[in-house]
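# Remarks on the overall topology
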Amino acid sequence: MIGLISATAAGAAARDRLAAAWPDRTRVYDGPVKDAVRSAFAECEQLVCFLATGAVVRLIAPLLGGKATDPGVVCVDEGGRFAVSLVGGHGGGANELAVEVGEALAAQPVVTTATDAVGLPGLDTLGLPVEGSVAAVSRALLDGEPVALRAELPWPLPPLPLAEEGAHAVRVTDRAVEPAGNEVLVRPPSLVVGVGAARDVPADEVLGLVEEALRDAGLSPRSIAELATVDAKAEEPGIVAAARRLGVPLVTYPAEELAAVPVPHPSNAPLAAVGTPSVAEAAALVRGGELLVPKRKSRRPDGRPAMATCAVVRRPARGRLAVVGLGPGARDLLTPRARTELRRAAVLVGLDQYVDQIRDLLRPGTRILESGLGAEEERARTAVAEARAGHAVALIGSGDAGVYAMASPALAEASDDIDVIGVPGVTAALAAGAVLGAPLGHDHVSISLSDLHTPWEVIERRVRAAAEADIVVTFYNPRSRGRDWQLPKALAILAGHREPTTPVGVVRNASRPDESSRLTTLGELDPAWVDMMTVVTVGNTATRNIAGRMVTPRGYRWQERAQEEGE
């Protein structure tokens, strides 16, 4: 919950705007400001104070306990112009909150945390547990000193300017080791603990067994990703409580799925009880990995039979491939989600001219793999290979990456050994449609006229089908110096089913500084106006030129009546 505090009418007005924007996330604290701040500080994960920064500093100073426990505090001036991350920038999430408040109130976020100011992700904001000299290693990164990456297992980290050697180091490990003096340990969630148990097993017995197994194997409990068991034990109180106390999810699987997993130590007891010869080992191994701790039983001090078993598996890291649509070119049409993925990627793969569009958004340390026109399949293979190597990768394309862009070849190359995230973007057809008016107001289709990958016979059949179905058509890749006959041929097919007065929109470089457009007709369109930077939208028999805008009506009844009355 986010506590909201104000002292004046102006501050309350800005406060109420934020409360209205986030009704389920915020709570307004009224009454004397000192009491309101004290209550919110104790009860909320974050605070937004609509007060002067000096006043907020004095109010929260006696309440501060430590960066690991204090809530994040954002200070907003009473005019709602600035959102200042004051306390708990990383640990309390105040930096991200300042950005969110800025977006909600049209205010300027002010973030002064050193790493954020220079575009570096804080080591304590990687989304993974960290131990060791976070401040010293962060300072070394900020000062440009070489910081070594010592990855005992690959993991998809965000971009960091790390080197092979250095006096400081970031070590990625799930082993139970202590950090060296100038070292940060990053704990990836690489360990899966399979658990089997008898009915009414005590949570302490499950926890004790898990902790003992990890300790004997030299593994860190901070790298546990999940506890896993059979569906029949999904609500076993002792297992549920153990997962909760470890702070990890409990994942369960059907007995028939676990029964199909080869294990080194099957047993008749679980087969009779829950329908699988193995619970602990099978649940840990069901998604693959290396068995580090074979099945072992708990030991009870009273000598009675063990009630719990466990096994530990190290799952291989899954690389991350984000396929990102950059939109039609204008920076303000690049989505916030796309920006986030670009800054999260340690490796960026893309066409050189698209890389140039967003190079300034990348974080220091991002490895860029760019290539020229005609290398689409090579870029797709490269992006998938980098993800399979355990990296966080962004593969970029213009418009929406799934529309005549990089998603298709990349996903054709990828298998289920990597995580794939699709990030939609504004397509050229949509950008051009917005320039023209509302040409896509009813059913519409996009067709590429490039026969480099698709035989012309197939393209022609699709154009003819759209013509016969009276569907609005947007042509991509309509004409180039080497392909100048396809557009006239396609227009001739449409002309066989539509009047010469049918509106046609021609938009070049939609949303870019040199954008140009014209609204013409099917009979008057000159193909010489068109090149590869252009999209051509041909209306259907209902499309009209209304006040210089291309409009395809939906066919609502009130529109039909208005049209009849006009006649």
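Shown above is the structure to which this text applies.
Attention in this report is confined to the structure presented alongside it. Predicted model only: the values in this text are computed from it and were never measured.

Examined against the element boundaries, Val261 turns out to sit in the loop between α9 (255-259) and α10 (268-274). When the C-alpha positions of Val261 and Thr276 are compared, they lie 9.5 Å apart, and in sequence the two are 15 residues distant.

Phi at Asp470 takes a positive value of approximately 60°, unusual for a residue other than glycine. Within the element layout of this structure, Asp470 appears in the loop between α17 (456-468) and β23 (472-476). Classification of Asp470 by relative accessible area gives partly exposed; the value is 28%. Look at Asn477: it is not a glycine, yet its phi comes out positive at around 45°. Take Asn477: it is sitting in the loop between β23 and α18 (486-495). Given a relative accessible area of 23%, Asn477 falls into the partly exposed group.

All chains considered together, the criterion is met by two aromatic pairs. When the ring of Tyr404 is compared with that of Tyr476, the centres are 4.8 Å apart and the planes differ by 50°; the resulting orientation is tilted. Residue Tyr404 is located in the loop between β19 (392-397) and α15 (407-413), and its partner Tyr476 is located in strand β23; the two are separated by 72 residues in the primary sequence. Classification of Tyr404 as partly exposed rests on a relative accessible area of 44%. Taking the centre distance of 5.1 Å and the plane angle of 70° together, the rings of Trp456 and Trp485 count as edge-to-face. With Trp456 in helix α17 and Trp485 in the loop between β23 and α18, the pair connects residues that are 29 residues apart, well separated along the chain. Overall, the relative accessible area of 42% leaves Trp485 in the partly exposed class. Above the face of the Trp529 ring, Arg518 is positioned so that its terminal group lies 3.9 Å from the ring centre.

Here we take up the sheet that holds strand β28 (residues 549-551). Pairing within the open sheet is mixed, and its three strands lie in the order β21-β28-β27. Sheet topology places β21 (437-438) and β27 (544-546) at the edges, where each strand pairs with a single neighbour. The pairing of β21 with β28 spans two bridges and is classified as parallel. Looking at the pairing, Ala438 lines up with Val551 of β28.

Thresholds, definitions, all that
Residues numbered from 1 in each chain as written. Predicted model: local features only at pLDDT ≥ 70, side-chain atom pairs only at ≥ 80, totals over all residues. Heavy atoms only, no water. Helix = DSSP H or I, 4+ residues; strand = E, 2+ residues; numbered from the N terminus. Buried < 20%, exposed > 50% of the residue type's maximum accessible area, 1.4 Å probe, protein only. Phe/Tyr/Trp six-rings, centres within 6.5 Å; stacked < 30°, edge-to-face > 60°. Lys NZ or Arg CZ within 6 Å of the ring centre and 35° of its normal. Pairing = 2+ DSSP bridges.

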